2 protein chains.
Amino acid sequence: MTFEKSQSAGFIVNHLARLFAKGLQDRIAPLGIVIGQFPILLELWEKDGVTQKELLERLDLEQATLANTLTRMERDTLIRRTKNPSDARSQKIWLTERAMAIKEHAYQAAHDQNAFALSGLSSEEQAQFLALSERVIKAMRP
Amino acid sequence: MTFEKSQSAGFIVNHLARLFAKGLQDRIAPLGIVIGQFPILLELWEKDGVTQKELLERLDLEQATLANTLTRMERDTLIRRTKNPSDARSQKIWLTERAMAIKEHAYQAAHDQNAFALSGLSSEEQAQFLALSERVIKAMRP
DNA sequence: ATCACTTGCATAGCTTGCTATTCAATATTA
DNA sequence: TAATATTGAATAGCAAGCTATGCAAGTGAT
C-alpha cells in the first residue's frame, strides 16, 4: 500500500490547526494570555461566577485539562476562585479586572486571525469550508 | 463585539484536528506506536539511514520536537542510530525490524481513519474539503 | 594554524492535551 | 444512622508541540 501525506485529511487538518494556533497565539500574546486560556475566557466573558463543573459542560475539554489551565490562569491573575456556599467541594470562578479589560481586544484578535486564514477564499467558499468541516466533525464525533 | 465559537474557523479546525488525532491514536495503539511518531515513521519507511537533519527537511516540525520524539522512538525500539562516518556531529537513523514490520498496518490505519472521517461527504465534497483546506493553509503559511 | 563562524543535535523549560488515580464532600440506601 | 456510592476537583505522569540555549564538530578566513 502507498500513503501520501499531502493528500491525507489527517495530516492536512493537523497542519491547519497548528498554523491557526500559531497565528492566534501571536495575536493574543500582547494581551498577556495564551491560547489554551482562550476558550475558557470566552465562556467566562459570557458568564462568570460559575463552578468548574458548569464551565466544563460548556467546553470541549477533559476535566483535568481544565483544572490545570485554571490553575495557570489563577497564577496569571486572570481568574480568582471563591467558596461555593452550597457545596464545599466546588468553588466559583470569577474573572479579574485584568481579564475583563482585554475582552474586546481578544475578540478582535480571533476575528482577525479567522479573517486572515480564510482570506484566500471567497465568501461562498468560506461558508463551504466551514460547513464541510462541521460535517466531518459530525462524522467523527462519538 | 460578539464572538461565536461555533462559527469560528479556528475553533472548528482545532476540534477537527483533535478528533482526527484521537481516532488515529486509537487505531495505531495496537501497533505499539503513538501519533507523534507517525509522520516520522512515514518518512523513514520511504527511506531510512538518514541523518536527523535530512529527516527534518522532510517534516513540518521544529528540530527540538523531532529530537525528543526520536529519543522516545529509540527507547521504544522503533529506531536505532549509528555513527555517521562523514560527520561526527550527526548520526544515521535506521528503522528496526519491529518498525518495518508494522508499516502496512499503519498505512491501513491511516487510510481507515481518513475514510471514516470523510465518510459523511460525497467524493466530490471530499475533494472540495481537501482543496479548500489546502488553500487555507497556503494563506496562513509564512 | 588559529580564531571565529556555522552547523547538527541535545537539553531545559514551558504549554496544552490526555488517562488514571486520589480525596474529600455530598447523597443514597439498607 | 451507618455504610456505600457518587460527585467535584486536584494531582501524577505522559506525549508532543514550542522557543531558547548550549555544546561539540566542522568550515573558513586571515
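One can find the structure itself at the top, above this paragraph.
Parameters and conventions
- Going along each chain's sequence as written, the residues are numbered from 1 onward.
- Throughout, the order in which chains and ligands are written sets their labels, letters from A for the former and numbers from 1 for the latter.
- Local features in this predicted model are restricted to residues whose pLDDT is 70 or higher, and side-chain atom pairs enter the listing and the counts only when it is 80 or higher, whereas totals over whole chains, interfaces and linings include all residues.
- Derived side-chain values reflect all non-hydrogen atoms in the structure, with water molecules and hydrogen atoms excluded from consideration.
- In this description a helix means any DSSP run of H or I spanning at least four residues, a strand means any run of E spanning at least two, and both kinds are numbered starting from the N terminus.
- Any N or O atom pair separated by 3.5 Å or less is treated as a polar contact, with the protein-specific requirement of one donor-capable and one acceptor-capable atom, and with residues adjacent in sequence counted only for side-chain atom pairs.
- Residue contacts are counted whenever heavy atoms from the two residues lie within 4.5 Å of one another.
- To be near a molecule or strand, a residue needs just one of its heavy atoms within 4 Å of it.
- Accessible area that two parts lose when put together, evaluated with a 1.4 Å probe and summed over both, is termed the buried area.
- Whenever Lys or Arg places a side-chain nitrogen within 4 Å of a carboxyl oxygen from Asp or Glu, that contact is recorded as a salt bridge.
- Gly counts as polar in this scheme, as do all residues outside two lists: the nonpolar Ala, Val, Leu, Ile, Met, Phe, Trp, Tyr, Cys and Pro, and the charged Asp, Glu, Lys and Arg.

Structural notes on the side chain of T69 of chain B
All names here are of chain B.
1) Next: Here T69 shows up in helix α4 (residues 63–75).
2) Next: One polar contact links the side chain of T69 to the main-chain carbonyl oxygen of T65, over a distance of 3.0 Å.
3) Next: The contact partners of T69, leaving out residues within four places of it in the chain, are G36, Q37 and I40.

Description of the protein's contact with DNA strand D
1) Next: Around DNA strand D there are 26 residues in total, and Q52, K53 and R89 of chain A together with G36 and A88 of chain B lie nearest to it.
2) Next: By atom count, sugar and phosphate contribute 71% of the portion of DNA strand D lying within 4 Å of the protein.
3) Next: At 3.3 Å, a side-chain N or O of R18 of chain A approaches a phosphate oxygen of DNA strand D.
4) Next: Contact distances for DNA strand D include 3.4 Å between a phosphate oxygen and a side-chain N or O atom of R72 of chain B.
5) Next: Sorting the residues of the surface near DNA strand D by element identifies α1 (9–28), α3 (52–57) and α4 (63–75) of chain A together with α4 of chain B as the ones contributing at least two each.

Some words on the interface of chain B and chain A
1) Next: The interface of chain B with chain A comprises 53 residues on the first partner and 53 residues on the second.
2) Next: For the pair chain B and chain A, the summed buried area comes to about 5,100 Å², and 70% of that belongs to carbon and sulfur atoms.
3) Next: Sorting the residues of chain B by area buried against chain A places M1, F3 and M140 of chain B first, and these three jointly supply 15% of that buried surface.
4) Next: Across the chain B-chain A interface, the total number found is 6 salt bridges.
5) Next: Between E43 of chain B and K5 of chain A there is a salt bridge, and its shortest N-O distance comes to 3.0 Å.
6) Next: Class assignment of the residues belonging to the side of chain B that touches chain A gives a composition of 28 nonpolar, 15 polar and 10 charged.

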